[in-house]
Each structure stands twice: as C-alpha cells, then as structure tokens.
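The primary structure of each chain is shown beneath.
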Amino acid sequence: MTLVIGLVTPRGVVIGADGLTTIGGIQLPTQKVHAIGQVYGCGLAGHGHLDEVVRQALQRSPLAQDAPKARTAEQAISTARDALRNATVAYLQRVAWVRERPIDEQIGRAEAIFGGLGFDGPFLVKLDNRGNLFPPVHPNYTAIGSGAQAALLLIQAYSAYDYGTHPLDTSVLLVKRVLDQVIAAIPEIGGETAILAISEQ
C-alpha cells in the first residue's frame, strides 16, 4: 500500500510519501519521492516496476536540466507526458507479453504526482505511466495510492487553512501531519516518510 500527497501554493510545491511497499505480504523500504533536477519533483505509486520506469523517464528527461522558470507549467507537463509515453512504449518492446490478455492488465499501472516551478508559477498534476493527465480535483492538493482517500478527507478537515496563501513551511508541516495520521490508522502504510519541498525562495 502507498500514500503520496502533493500540495501547491503560490510559494512552491510540497510532495510527501510513506516509505514502505508491500509485496506478497512482505513490507520493503521504498523511496517514493524524487527530485527531477532542481526545479521539479515527483511522488510515485505503482507496481510491476512501472514506478521505476516512471522515475527514470522523468529524471532522464530534459526537465532535469531546467533552470527555474525555464518552461511554463504547460510546457513542463507536456515534456513529462512525452517522456512517460516514450518510456512505456520502450518498456513494452523489451518484454514478452501474453497475447490473450490486455497489455495494461499484465503490466499494471503507475501514477505520479508531478509538480514544480513553472515560468507562470508553481504547479501540481497527476500523471500515469502512459502520460495521461489528471488535473487535481482540488486546486491546491491531491493524493495517490491506496491511502489517498483517507489523506484527502484529512486535508479537507483542515479546510480552515487557506491553501492558496500557505507559507511553504506550513505546507510541509501539513503534509507531514497527514502522512503521520494515515500511517497511524492504516498499518500497511508506513516506514520512514519523505518530503520534498520546491520553493521559489
């Protein structure tokens, strides 16, 4: 089980995740939050090695070389989507598949919360391994993984906060608090949490 949370404010982006992956009842330490150069970051949820395919695709993309505000949010998202589409196609060509079963059923699926500092301001979106785009339902926060629903309910419970004006350090503390509360409630989600903050300051 996995939980990845993303929060965006005018001052930057915060992405946090738990640190365990459960495979066949065995829990293994896993790094789910990754920097993409100095300007972007991602948090990953997936299985069948697709999360690693997504990580490598983003970290090897031109995004990793960007200076702050080198691209608009739309340009950065488009570059990320192209990298994921190309990486998934290459992955499919390297592996033998059973013709009688749908490919997506065999390879599984990976999701990413992708965000960073665009020329037009900080941004945050959800992507899958095929480069499909899922804008957050809530303008300032989102979550993926099996613990996402619980996390979103908690974030909504803190709705007295004005997420659009949050100081970045308050956003980091909020992400940490929600991760800790979900981990305490769901034993399969746990391990050492990781939080990445990307700031314009």
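In this text the structure is predicted, and so the values were computed from the model without any measurement.

Reading the values: rules and limits
- Residues numbered from 1 in each chain as written.
- Predicted model: local features only at pLDDT ≥ 70, side-chain atom pairs only at ≥ 80, totals over all residues.
- Heavy atoms only, no water.
- Helix = DSSP H or I, 4+ residues; strand = E, 2+ residues; numbered from the N terminus.
- Rg over C-alpha atoms; globule rule 2.2 N^0.38 Å.
- Buried < 20%, exposed > 50% of the residue type's maximum accessible area, 1.4 Å probe, protein only.
- Contact = heavy atoms within 4.5 Å.
- Areas by Shrake-Rupley, 256 points an atom, 1.4 Å probe, with all protein chains shown as cover.
- Lys, Arg positive; Asp, Glu negative; His and termini not counted.
- Charge placed at Lys NZ, Arg CZ, Asp CG, Glu CD.
- Expected span 1.5 Å × (residues − 1).
- Salt bridge = Lys/Arg side-chain N within 4 Å of Asp/Glu carboxyl O.
- Pairing = 2+ DSSP bridges.
- Axes fitted to C-alpha atoms, helices over the stretch in contact; angles between N-to-C directions.

Take the overall build of the protein next. Secondary structure summary: the protein contains five helices and 11 strands in total. Over its C-alpha trace the protein gives a radius of gyration of 16 Å, about what one expects of a compact globule, namely 17 Å for 201 residues. Its C-alpha atoms give the protein principal-axis dimensions of roughly 50 × 40 × 25 Å. Taking all 201 residues of the protein together, 48% fall into the buried category. Long-range pairs, those at least 24 residues apart, make up 65% of the contacts in the protein between residues at least 6 apart in sequence. Surface exposure of the protein reaches about 9800 Å², of which carbon and sulfur atoms provide 53%. When the 16 basic and 18 acidic side-chain charges of the protein are each reduced to a single mean position, those positions are 4 Å apart.

What follows deals with helix α2 (residues 73-94). Count 3.6 residues to each turn of an α-helix, and residues three or four apart come out pointing the same way. In this model α2 runs 32 Å from its N-terminal to its C-terminal C-alpha over 22 residues, within 8% of the 32 Å that 1.5 Å per residue would give. Restricting attention to buried positions, one finds in α2 the residues A73, A76, I77, T79, A80, A83, L84, A87, T88, Y91 and L92.

With the rule as written, the count across this model stands at seven salt bridges. In this structure, E52 and R55 form a salt bridge, with 2.3 Å as the shortest nitrogen-oxygen distance. Of the two residues, E52 and R55 both sit in helix α1 (residues 50-59), three residues apart, roughly one turn of that helix. The exposure class of E52 is partly exposed, given its relative accessible area of 33%. On the basis of relative accessibility, which here comes to 19%, the residue R55 falls in the buried class. Between K176 and D180 there is a salt bridge, with the nearest N and O atoms lying 2.9 Å from each other.

Further remarks concern the sheet that holds strand β10 (residues 141-144). As summarised here, the arrangement of the four strands in space is β10-β1-β2-β11, forming an open sheet in which the pairing is antiparallel. Two strands lie at the open edges of the sheet, namely β10 and β11 (194-199), each paired on one side alone. Adjacent strand axes in the sheet meet at a mean angle of 10 degrees, parallel and antiparallel pairs treated alike. Of the strand pairs in this sheet, strand β1 (residues 4-9) and strand β2 (residues 12-17) are connected by six bridges, and their pairing is antiparallel. Note on β2: the bridge partner recorded for V4 is A17. Contacts between helix α4 (residues 148-157) and the sheet are confined to β1 and β10, with β10 contributing the most and set at about 160 degrees to the helix. Lying over the sheet, helix α5 (residues 168-185) contacts β1, β2 and β11, oriented at roughly 20 degrees with respect to β2.

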